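Observations on chain architecture
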Amino acid sequence: MQIDIIRLLLDFGLVVLIWIIQLIVYPSFLHFSTKNLVTWHRIYTSRFSAIVIPLMFGQLGVSIYQLFTQTSFYTVSSLVVIILIWISTFWIFVPIHSIISNENSSESDLVTLVNKNWLRTFLWSLLFVYSFFEVLDFYK
C-alpha cells in the first residue's frame, strides 16, 4: 500500500536526521563558547524545526491512520514507540534546549543532551528497521 511507503519514507527521514543530530550537531555544541552557542543554537533550532516538525507530525498522523485502517501488532507497537519519542522530546529535550537558549547551559547540560539523545536515536532507528521489514514483508 502507498501509505506504508509514505510511512517508511517518514521513518527514514527521521532516522537520518536523528543520526546527524546525534553524531554531528549535538557533539559540536561542546566546541562553542557560550555566546556563540546561543547564537548558533537559535539558528539551528529554527532551521531544524522546519524539517523535523513536519516529519514528526507526518509520522504521527500516518501511524494513527494505519492504526485505524490496518490494526495489527505493528501499527500498535510502532505508535507506542512514536508516543515515547514525543514524550521524551517534550519532557527531556525541550527543557535542555530552553536552558541553552536562555544562556544557562553548562558543559554538563550539553553532555547530558548527547547522552540522553541516544534514547531517541535508538527508538527512531528501531522504528525505521521495523517499518522497513514490515513493508518488505508486505510486498513479498
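Everything below is about the structure printed above this text.
About the thresholds
Residues numbered from 1 in each chain as written. Predicted model: local features only at pLDDT ≥ 70, side-chain atom pairs only at ≥ 80, totals over all residues. Heavy atoms only, no water. Helix = DSSP H or I, 4+ residues; strand = E, 2+ residues; numbered from the N terminus. Buried < 20%, exposed > 50% of the residue type's maximum accessible area, 1.4 Å probe, protein only. Contact = heavy atoms within 4.5 Å. Areas by Shrake-Rupley, 256 points an atom, 1.4 Å probe, with all protein chains shown as cover. Lys, Arg positive; Asp, Glu negative; His and termini not counted. Charge placed at Lys NZ, Arg CZ, Asp CG, Glu CD. Salt bridge = Lys/Arg side-chain N within 4 Å of Asp/Glu carboxyl O. Polar contact = N/O pair within 3.5 Å; in protein donor to acceptor, adjacent residues only side chain to side chain. Expected span 1.5 Å × (residues − 1). Bend = angle between axes of the 7 residues up to and from the residue.

1. So, the overall build of the protein
Counting its regular elements, the protein contains four helices and zero strands. In sequence order, the secondary structure elements of the protein are arranged as α-α-α-α. Each principal axis of the C-alpha distribution contributes one length, and for the protein these read about 55 × 25 × 20 Å. Residue burial in the protein is summarised as follows: out of 140 residues, 43% are buried. Contacts spanning at least 24 positions in sequence make up 79% of the contacts within the protein whose residues lie at least 6 apart. In the form shown here, the protein has an accessible surface area of approximately 8000 Å², with 72% of it arising from carbon and sulfur atoms. A gap of 8 Å separates the mean positions of the 7 positive and 7 negative side-chain charges of the protein.

2. A closer look at the pattern of salt bridges
Side-chain pairs of opposite charge can arise where the charged atoms are in close proximity. The final tally for this structure, using the stated rule, is one salt bridge. Among the ionic pairs, D11 bridges to R7, the shortest N-O distance being 2.9 Å. Of this pair, D11 and R7 both sit in helix α1 (residues 2-28), separated by four residues, roughly a single helical turn. The exposure classification of D11 matches that of R7, with both residues buried.

3. Examining the environment of T121
By the secondary structure assignment, T121 is in helix α4 (residues 107-138). Considering only alpha carbons, one finds T121 and F133, 12 residues apart in sequence, at a separation of 18 Å. Sequence-distant contacts of T121, defined by excluding residues within four places in its chain, comprise I18, W19 and Q22. In this structure the side chain of T121 is engaged in a polar contact, spanning 2.9 Å, whose partner is the backbone oxygen of N117.

4. Overview of the side chain of H41
Within the fold, H41 resides in helix α2 (residues 34-69). What makes H41 buried here is its relative accessible area of 1%. Those residues in contact with H41, other than ones at most four positions away along the chain, are F29, H97, I100 and S101.

5. What to know about helix α3 (residues 73-101)
The first and last C-alpha atoms of α3 sit 40 Å apart over 29 residues, in line with the 42 Å expected at 1.5 Å per residue. T89 marks where α3 bends most, by close to 35 degrees. Trailing α3 by a residue or two, E103 shows a phi angle of about 65 degrees, which is positive.

6. Comments concerning unusual backbone geometry
Phi is positive for E103, close to 65 degrees, though the residue is something other than glycine. Looking at the secondary structure, you find E103 in the loop between α3 and α4.

7. A closer look at the environment of I64
Mapped onto the fold, I64 is located in helix α2. With relative accessibility at 33%, the residue I64 sits in the partly exposed group. With 11 residues separating them in the primary sequence, I64 and T75 have C-alpha atoms 8.0 Å apart.

In short, geometric facts, not functional conclusions.
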